[in-house]
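A look at the structure
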Amino acid sequence: MTITDLRGLAASGESPGRASGVDVRPKQKRTWRSYSVYLGLALIFIYCLAPFYWMIVSSLRRTADIFDNTLLPQPFSLENYAKVFDGSTMFGQALLNSLIVASVTTVAALVLGIFAAYAISRLNFRFKSVILGVIIATSMFPGISVVVPLLRLFTDLGWINTYQAMIIPNLSFAIPLAVWNLTTFMKQLPFDLEEAAMIDGCTKWQAFRKVLLPLAAPGVFTTAILTFIHSWNEFIIALSMINDPAIQTATVAISKFTGATEFQAPFGEQMAAGVIVTVPLVIMVLVFQRRIVEGLTAGAGK
Amino acid sequence: MTTASIDHQSSGPPRTPGQGRKASRNSAGSSAGRTPGEGRMAALLLSPTLLVLALVIAYPLISAIHQSLYRAQSGLDADGYVTEGEAFVGLANYADLFAGESGHRFMNAFGNTTFFTVTTVLLETLLGLALALAMNRAFKGRSFLRASILVPWAVPTAVSGLLWRWIFQSDGIANTLIGSEILWTAEGTASKLAVIIAEVWKTAPFIGLLVLAGMQIIPEEVYEAAKIDGAGWWRQLGSITLPLVKPTLLVAVLFRMLDALRMFDLPFVLIGPGKESVETLSMLAWDESNQLRYGSASAFAVILFLYVAAVAIVFVKVLGADVTGAKQLGAKRRARKANRIQKAEATQ
């Protein structure tokens, strides 16, 4: 499946009547069917959003009525959010750490990935499919098999509790993701424009920089979003490499929220922190949903 | 491959001229169809990527295999770091996997990993297919649905673990809704169920999205023809939709399985580390390395790697999952070659 096909279908999504597949049926049945379709869609909607909604609602309750089961917080309170940022948990710092680690990982993976994808999609060389296969195979490597040996290496290097101890292992999943996505995108761009540019006297490098790269910009952007989301959600590497609360990322920080008393888990604060970590991603998903779907399906749905 | 050929049909015309020109340029180059400069440039462009992958993939793999043959003999030094007291023990770390107390823990973790992988991927596939079928029939509000289906995917796994831990509290909303008093997050079968529910919630929409993309490239004419031949909805599903989305579905299931095999965050946050009923291989290896038993931790990591690799090989070799798009590339190459031969004949 190519991106353009998907885009075309999405654009014309209103018209092609796949529902016309049931045209032969009697009219009564058809209305029943259309109702059942809407019921199904409502169920999907509730299934996807209800747990997330519950997290938001719970985060807006006061500690005293955290165990209420009303659908709206009564009374509405930002108490939990204030507590998350009151400085006792370094949660603000953890958010900043997540931002730094995810951004650097994304930029590094994109820079390396653009060059690699250009080579794979545009140049002719031996072992091309072997190299692409190896890069994709590395994305299947289990995280723990990276963490155990590198934990040891980084301990020897004195890198525990540093950003690079998270960023470098993150590349083990970010690079295959970036190379694969970018290769798929670049393969779909026409060769003609670059060749025309080179006939007009551009060098290969100029053709790449001035013609191909601007054309590939949407693909690069999509890849950036996906890589960023994956790095932002990364857990096992950050959990293993970091034990200093000042360096740990947000996902690890909220899993370690213990609260004032040891025996009562501060669920309200946990939910508030969870909402804060998730909201940037949800906004990205809502704004760039079409691009994200393109990126996710580009690899699998050829 | 059926979808590939459909894909070629739909996007064929604009591509052909470019390919034709490329083919003629290639044949004008060296005898092998490539210029020497291109190979050097490719090596230059690929080497940084391969270098980083060597550091973060090849080195850990070799180091883990090496490490798994050693065992720490002494303990910790004053600072809490490992002391240089390791002895070569051959395959003893692997032999321990099948005997004694650590063997029991390993077999349990291996069983849990397999159980979670099979159950979650099976449920996700069924649910994902249902989601895709429902979304494929919906035309109004499809983009709205697509956005909401992406929300579980975007929630970080650690946050989703926390969220479900809250839902599954002993006096939480899950027990209130079904009127029970189950201890979901303690040891036992209920905790396994909690992990499965949370995992399926997060990942079924993802499969649904991929399968939907596969469904959307099936041309409408195929359904029209089936309808004229009198095929009902179920018949269309079984004879058209499922066979045609199979390649997409295979790749999606493969990726989900590889992901499920290395499951760590969700049981770790939802139930907690060191709980027998939900401990996976990743959690066991992590716990061992946390105890500074790098030898056995590496052995677990190597076993998990072999397990993942075996599943991937079965999918690619036996079931024919087209992961790299190599089949499609092959088809293109053949088409290009045919094009070239045709051209040569025409000039003669």
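Just so we're clear, the structure is a prediction, and the values are computed from it rather than from any experiment.

Description of the overall build of chain B
- If you tally the helices and strands in chain B, you get 14 helices and two strands.
- The buried share of chain B, taken over its 348 residues, is 39%.
- In chain B, the proportion of contacts linking residues at least 24 apart, taken out of those at least 6 apart, comes to 68%.

Let's talk about the overall build of chain A
- When helices and strands are tallied, chain A shows 13 helices and zero strands.
- Every one of the 302 residues in chain A was classed for burial, and the buried ones make up 47%.
- Considering only contacts in chain A between residues 6 or more positions apart, those separated by 24 or more positions represent 75%.

A few points about the interface of chain B and chain A
- Contact residues are listed per partner, giving 96 residues for chain B and 94 residues for chain A.
- When residues of the side of chain B that touches chain A are assigned to their parent elements, the largest contribution, 17 residues, is made by helix H2 (residues 36-67) of chain B.
- Considered class by class, the residues forming the side of chain B that touches chain A number 59 nonpolar, 24 polar and 13 charged.

Quick word on the packing of helix H8 (residues 189-216) of chain B against helix H10 (residues 233-261) of chain B
Residues and elements named next belong to chain B.
- For the pair H8 and H10, the least separation of the axes is 9 Å and the interaxial angle reads 145°. Seen from above, H8 lies across H10 with right-handed handedness. Between H8, through Thr203, Ile207, Leu210, Val211, Ala213, Gly214 and Met215, and H10, the contact on the second element is made entirely by Thr241, Val245, Thr248, Leu249, Ala252 and Arg256.
- The class makeup of the residues in the contact of H8 with H10 is eight nonpolar, four polar and one charged.

Regarding the environment of Thr70 of chain A
- Locating Thr70 of chain A in the fold gives a position in the loop between helix H2 (27-59) and helix H3 (79-84).
- Residues Thr70 of chain A and Met90 of chain A lie 20 residues apart in sequence; the distance between their C-alpha atoms is 31 Å.

What about the domain arrangement of chain A?
- On domain assignment, one finds that chain A holds domain 1 (17-80) and domain 2 (90-256).
- On a C-alpha basis, the centres of domain 1 of chain A and domain 2 of chain A stand 36 Å from each other.

Things to note about unusual backbone geometry
Residue and element names in this part refer to chain A.
- Phi is positive for Phe127, close to 60°, though the residue is something other than glycine.
- Within the secondary structure, Phe127 is located in the loop between helix H4 (91-122) and helix H5 (128-138).
- Residue Asn161 is not a glycine yet carries a positive backbone phi of 65°.
- Checked against the element boundaries, Asn161 lands in the loop between helix H6 (143-157) and helix H7 (164-187).

Side note on the nonpolar core
- Of all hydrophobic cores here, the largest spans 164 residues; its most connected members are Val211, Ala285, Phe300 and Ala301 of chain B.
- Of the residues that make up this core, three or more belong to each of domain 1 (17-80) and domain 2 (90-256) of chain A.
- Look past the residues within four positions of Phe300 of chain B in its chain and what remains in contact with it is Phe106, Leu281, Leu284, Ala285 and Glu288 of chain B.

Describing the environment of Glu276 of chain B
Residue and element names in this part refer to chain B.
- The residue Glu276 is located in the loop between helix H11 (265-270) and helix H12 (281-290) in this model.
- Separated by 154 residues in sequence, Glu276 and Leu122 place their C-alpha atoms 23 Å apart.
- Setting aside residues no more than four positions away along its own chain, Glu276 makes contact with Asn108 and Glu187.

A few points about helix H12 (residues 267-287) of chain A
- With 21 residues, H12 of chain A ought to run about 30 Å at 1.5 Å a step, and its terminal C-alpha atoms sit 30 Å apart, in line with that.
- At Thr278 of chain A, H12 of chain A shows its largest bend, some 35°, and a proline, Pro280 of chain A, comes one to four positions later.

A look at the packing of H10 of chain B against helix H13 (residues 294-318) of chain B
Residue and element names in this part refer to chain B.
- Their axes nearest at 10 Å, the elements H10 and H13 cross at an angle of 170°. In terms of their interaxial angle, H10 and H13 are classed as roughly antiparallel. Seen from H10, the contacting residues are Leu250, Leu254, Met257, Leu258 and Leu261; seen from H13, they are Tyr307, Val308, Val311, Ala312 and Phe315.
- Looking at the contact of H10 with H13 residue by residue, the classes come out as ten nonpolar, no polar and no charged.

With respect to the confidence of the model for chain A
Residues and elements named next belong to chain A.
- Residues with a pLDDT of 70 or more make up 85% of chain A, whose mean pLDDT is 81.
- Looking across chain A, the model is least confident in helix H1 (residues 3-11), with a mean pLDDT of 38, and most confident in H4, with 93.
- Segment residues 1-27: pLDDT under 50, and 44 contacts once partners within four positions in sequence are set aside and those in other chains are kept.

Quick word on the environment of Glu279 of chain B
Residue and element names in this part refer to chain B.
- Note that Glu279 resides in the loop between H11 and H12.
- For the pair Glu279 and Leu237, spaced 42 residues apart in the sequence, the C-alpha separation amounts to 39 Å.
- Discounting residues that sit within four places of it in the chain, Glu279 has contacts with Asn108, Ala109, Asn112, Gly274 and Leu284.

Points about the confidence of the model for chain B
All names here are of chain B.
- Per-residue confidence for chain B gives a mean pLDDT of 79; residues scoring 70 or more make up 77%.
- Mean pLDDT per element in chain B: helix H1 (residues 2-28) is the minimum at 39, and helix H6 (residues 157-167) is the maximum at 91.
- The model gives residues 1-32 a pLDDT under 50, and that stretch makes 44 contacts with residues more than four places away or in other chains.

Procedures and definitions
Residues numbered from 1 in each chain as written. Chains lettered and ligands numbered in written order. Predicted model: local features only at pLDDT ≥ 70, side-chain atom pairs only at ≥ 80, totals over all residues. Helix = DSSP H or I, 4+ residues; strand = E, 2+ residues; numbered from the N terminus. Buried ≥ 20, exposed ≤ 12 C-beta atoms within 10 Å, placed from the backbone. Contact = placed C-beta atoms within 7 Å. Nonpolar A, V, L, I, M, F, W, Y, C, P; charged D, E, K, R; others polar. Axes fitted to C-alpha atoms, helices over the stretch in contact; angles between N-to-C directions. Left-handed = near helix turned anticlockwise from the far one by under 90°. Domains from an automatic or database assignment. Core = buried A, V, L, I, M, F, W, Y, C linked by C-beta atoms within 7 Å. Expected span 1.5 Å × (residues − 1). Bend = angle between axes of the 7 residues up to and from the residue. Parallel < 35°, antiparallel > 145°, perpendicular 65-115°, else oblique. pLDDT = per-residue confidence, 0-100.

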